[in-house]
Amino acid sequence: MKQLIFIGLMLLGTLTYGQSNRPVTVNLTVGGTCDMCKERIERTVDVKGVKYFEYTLATHNLEITYVPSKITEEQLHKSLNAVGHDTNKSKASDEQYDKIHGCCKYRVHVHGEGEHDSEKKEHNHDENDDHDHEH
Ligand SMILES: [Cu+2]
């Protein structure tokens, strides 16, 4: 009888193991603005345990198929944060975001709603740009 329970447990173990070995597909929302971001994001998730990834800039959607026994979704979020990208579950620290390339400052675009006026002013300023700037 004890042996039967043992075999039963072994079977159960194999089953759960098999299940966590089965690839899972998730959709993450990841901040990004340009092709450089897309490349960076895809390079970041191109790791062991990830079977498929595709980042769509227009929707900020990152589709990922990964094997849960090899990598967790949390790890994916964390490594994206580490290269400066916010996800729907966790944000990059200001320090991490600062490291991102200048043209990739996606947060400016995301927080745009209430700041349209100042954005417009900036644009006009750029158009008749014949005085010196102190950048
Ligand atoms: Cu970019």
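Our subject is the structure listed above.
Residues numbered from 1 in each chain as written. Predicted model: local features only at pLDDT ≥ 70, side-chain atom pairs only at ≥ 80, totals over all residues.

Looking at this structure, I do not really get the overall build of the protein chain. What am I missing?
Looking only at helices and strands, the protein chain has six helices and three strands in total. Moving toward the C terminus, one meets the helices and strands of the protein chain in the order α-β-α-β-β-α-α-α-α. Counting only contacts in the protein chain whose residues sit at least 6 apart along the sequence, the fraction spanning at least 24 positions is 54%. (Helix = DSSP H or I, 4+ residues; strand = E, 2+ residues; numbered from the N terminus. Contact = placed C-beta atoms within 7 Å.)

Explanation requested: the pairing of strand S2 (residues 50-56) in the structure shown.
It is a general feature of regular strands that their side chains alternate between the two faces of the sheet. Looking at chain direction, S2 and strand S3 (residues 61-66) are connected through six bridges and run antiparallel. Looking at the pairing, Tyr 52 lines up with Thr 65 of S3. Hairpin remark: S2 followed by S3, antiparallel, with four residues in the connecting loop; positive phi at His 60, about 60 degrees. (Pairing = 2+ DSSP bridges.)

Whenever I open this one, the sheet that holds strand S1 (residues 24-29) confuses me. Can you help?
Within a sheet, each strand pairs with its neighbour through backbone hydrogen bonds, oriented either parallel or antiparallel. One open sheet holds the three strands; their spatial order is S1-S3-S2, and the pairing between them is antiparallel. Edge positions in the sheet fall to S1 and S2, since each of these pairs with one other strand and no more. The average angle at which neighbouring strand axes cross in this sheet is 15 degrees, direction not considered. Contacts from helix H2 (residues 35-45) reach S2 and S3, with the element oriented near 165 degrees to S2. (Axes fitted to C-alpha atoms, helices over the stretch in contact; angles between N-to-C directions.)

Is there a simple way to explain the environment of Asp 46 in this structure?
Considering the arrangement of structural elements, one finds Asp 46 in the loop between H2 and S2. In this structure Asp 46 comes out as exposed when scored by C-beta crowding, with 9 C-beta atoms within 10 Å. Residues Asp 46 and Ile 64, spaced 18 residues apart in sequence, show a C-alpha to C-alpha distance of 9.7 Å. (Buried ≥ 20, exposed ≤ 12 C-beta atoms within 10 Å, placed from the backbone.)

Even after reading the chapter, I still don't get helix H3 (residues 73-82), so can you show me in this structure?
Spacing of three or four residues puts side chains on the same side of an α-helix, whose turn is 3.6 residues. Taken together, the buried positions of H3 are occupied by Leu 76, His 77, Leu 80 and Asn 81. Seen end-on, H3 carries its buried residues on one side only, within an arc spanning 135 degrees. In this fold, the buried residues of H3 make contact with H2, S3 and helix H4 (94-98). Just downstream of H3, Gly 84 is the residue with a positive phi angle, here 100 degrees. (Arc of directions from axis to C-beta.)

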